[in-house]
Structure formats: C-alpha cells, structure tokens
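# Analysis of the macromolecular model
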Amino acid sequence: MENHRSDSDIPKWSALLVEAVNKPGLIMEAYSAFHQYSVGNQLLALVQCQMRGLQPGPINTFPKWKELGRIVKRGERALMLCMPITRKRRDEDADEEQTFTSFIYRARWFVLTQTEGQQLEPITIPEWDAERAIAALSIERVPFDHTDGNVQGFARKRQIAINPLAQLPYKTLFHELAHVILHTSEGDFSDTETTPRSLCEVEAEAVALLCGESLGLEGSNFCRGYIQNWLRRGVEGNAEAIPEKSAQKIFRAADQILRAGRALNAQPEEHPN
Ligand SMILES: [Zn+2]
C-alpha cells in the first residue's frame, strides 16, 4: 500500500536546509542515525522523528525489518522519504526512448523503536577519507600555486587546491569540491577568508556546512554564520533567500561528497526492495 501525500505535507528542501542551518547539531544527529540515506532524507527522517517523539535510529522498510528478524509494532505509522524513480518515456518525434528521473515521496519506513524482535548488530558509521572522496569524484588535487596568500583554496574545472596554510582546511576542501560539482563548468573560483555574497558562494558554503557537520569536522560554525547572514538579509529583501533549486543542488552535492569518501560506496537504500 502506498501513501500519496499532498504537496502541503512535504517540507521544501529550502525549509529543511534553513532548519539545519539554524539548529547546530541537527545535521550531525541526522548523519549519525541515518548516514546510509541521502542528506536530504536524513533531515527529513530526523524532523519526522522529532515531531512524533520517536528516538532516531536505524530505519528500514517493513519487509527489510522482517528480514532482520523484527516486526513493526501494531498501529505504527510509516515515515516518509523521497525516492528517485527512473522512468522511460517514448519520444514520438525522435522515435526513441528517453530515461528521466523524478522524485516521489512515499511513507514506507519505520525507525527501530517502532519495531520489536531480534536484537540488532551494533551499527558503526563508516569512516570518511578526503583522498578517497576526491578520487571517486574524478577530481584532481593540484599544488597550491596562487601568489595571493589570502586565497584559501581554488577550483578550476575538475581541479582543486587548498592553501597549505589555510585556516580551516576541511571547510575549504568541501567548499572547493562543491564548486567543482556545481559551478566550475562556468568558470574558475578563488576563495579568500571572506566569502563574497553570491548565490554560488552560498551554495558552496552550505555544502561545506552539511559535510563538515555530518563528519564533525572544524569550520562548520563559519559556514553557519555566513549562511545566517545571507538568510537575515533575505527576510528584508527577498522571501526566497535560498531558492528551492539551490537547496536541491546543495543537498545533491553534499551527498555526492559524503558518499564518495566512504569505504562502501553506493548503498542505494532509498530504493525499497
Ligand atoms: Zn567560493
């Protein structure tokens, strides 16, 4: 049985992002409990757990819990996650089949405390390694050759460099990786300690926040401060301070970086069965 939700029930990605920005610790809690899911779904799951007073922990579909020797307790309501669906569509004009991906929301997941039965094996969070991430993303780390010592790092096409004296090397690393994933097809980026105000920079800083806080690395507070400033200005001038489209790009890039750095890549847990 599938639960189709009306659009009004589904939080926007931009709203989830603002929630994560304004609540320090939220991203790390979401990552600890739900790291095998996409970053957007981690936050979606955590927010639902908080609203219903459920203890965050492992989540699985009904059949997967059964496989693990546990059953969903009577009367428990499933949590909703977003699933990518790949479909084929026939293009009559070109006389060929096209595949496209769309996203649907389904309520099919239950958190550990909604189930009972066999004890679970303890869950360990996989280690994340920067060099593994860079290689898996087909990005090259090149020597830092900038003559301006204020520059913390740069991104050019599929290359990044981090100043060996960078104040917050992990923050800069995530920021530059985000530029490569999202922006360098349109030009190069050099970043100083003070990030200029532009949508590209908000996107890169938000990716750095999601990655840095998920992994508990230093620098997250600087990203948070920058984004909060941006949001505050948004309240006065522009209601859509971070456009929904940017929020989607941010979640996608953070997800790619986090998955790329883990020993076990590609765990498509979002696809039930
Ligand atoms: Zn930048």
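Residues numbered from 1 in each chain as written. Predicted model: local features only at pLDDT ≥ 70, side-chain atom pairs only at ≥ 80, totals over all residues. Heavy atoms only, no water.

### Focus on the packing of helix 6 (residues 169-182) against helix 9 (residues 244-260)
Direction vectors running N to C along helix 6 and helix 9 enclose 115 degrees, while the axes themselves pass 10 Å from each other. Overall, the two elements helix 6 and helix 9 adopt an arrangement that is roughly perpendicular. Classified by chirality, the crossing of helix 9 by helix 6 is right-handed. The residues of helix 9 that touch helix 6, namely those facing Phe174, Leu177, Ala178, Ile181 and Leu182, are Lys249, Arg252, Ala253, Gln256 and Ile257. Of the residues belonging to the contact of helix 6 with helix 9, the class tally is seven nonpolar, one polar and two charged. (Axes fitted to C-alpha atoms, helices over the stretch in contact; angles between N-to-C directions. Helix = DSSP H or I, 4+ residues; strand = E, 2+ residues; numbered from the N terminus. Parallel < 35°, antiparallel > 145°, perpendicular 65-115°, else oblique. Left-handed = near helix turned anticlockwise from the far one by under 90°. Contact = heavy atoms within 4.5 Å. Nonpolar A, V, L, I, M, F, W, Y, C, P; charged D, E, K, R; others polar.)

### What about helix 2 (residues 26-34)?
Taken residue by residue, helix 2 has Leu26, Ile27, Ala30, Tyr31, Ala33 and Phe34 as its buried positions. On its buried face, helix 2 sits against helix 1 (13-22), helix 3 (39-52), strand 1 (59-61), helix 7 (199-214) and helix 9. (Buried < 20%, exposed > 50% of the residue type's maximum accessible area, 1.4 Å probe, protein only.)

### Side note on unusual backbone geometry
A positive phi angle, close to 55 degrees, is found at Ser138, a residue other than glycine. Summarising the element assignment, Ser138 is placed in the loop between helix 5 (130-136) and strand 6 (140-141). The exposure class assigned to Ser138 is exposed, which follows from its relative accessible area of 54%. Phi at Lys157 is positive, roughly 50 degrees, even though this residue is not glycine. Inspection of the secondary structure puts Lys157 in the loop between strand 7 (151-156) and strand 8 (159-162).

### Considerations on the confidence of the model for the protein chain
Per-residue pLDDT for the protein chain has a mean of 88; in total, 90% of the residues score no lower than 70. Under a pLDDT of 50 for its full length, residues 1-6 has, in the predicted model, nine contacts with residues more than four places off or in other chains. (pLDDT = per-residue confidence, 0-100.)

### What to know about the sheet that holds strand 3 (residues 79-91)
Ordered by their spatial adjacency, three strands build an open sheet running 1-4-3, and the pairing between neighbours is antiparallel. Both outer strands of the open sheet, strand 1 and strand 3, are each paired with one neighbouring strand and no more. Each neighbouring strand pair of the sheet contributes to a mean axis angle of 40 degrees, computed without reference to strand direction. With three bridges connecting them, strand 1 and strand 4 (residues 96-111) associate as antiparallel partners. Counted as the bridge partner of Asn60 is Phe110 from strand 4. Together, strand 1, strand 3 and strand 4 form the strand contacts of helix 3, whose direction differs from that of strand 3 by roughly 140 degrees. (Pairing = 2+ DSSP bridges.)

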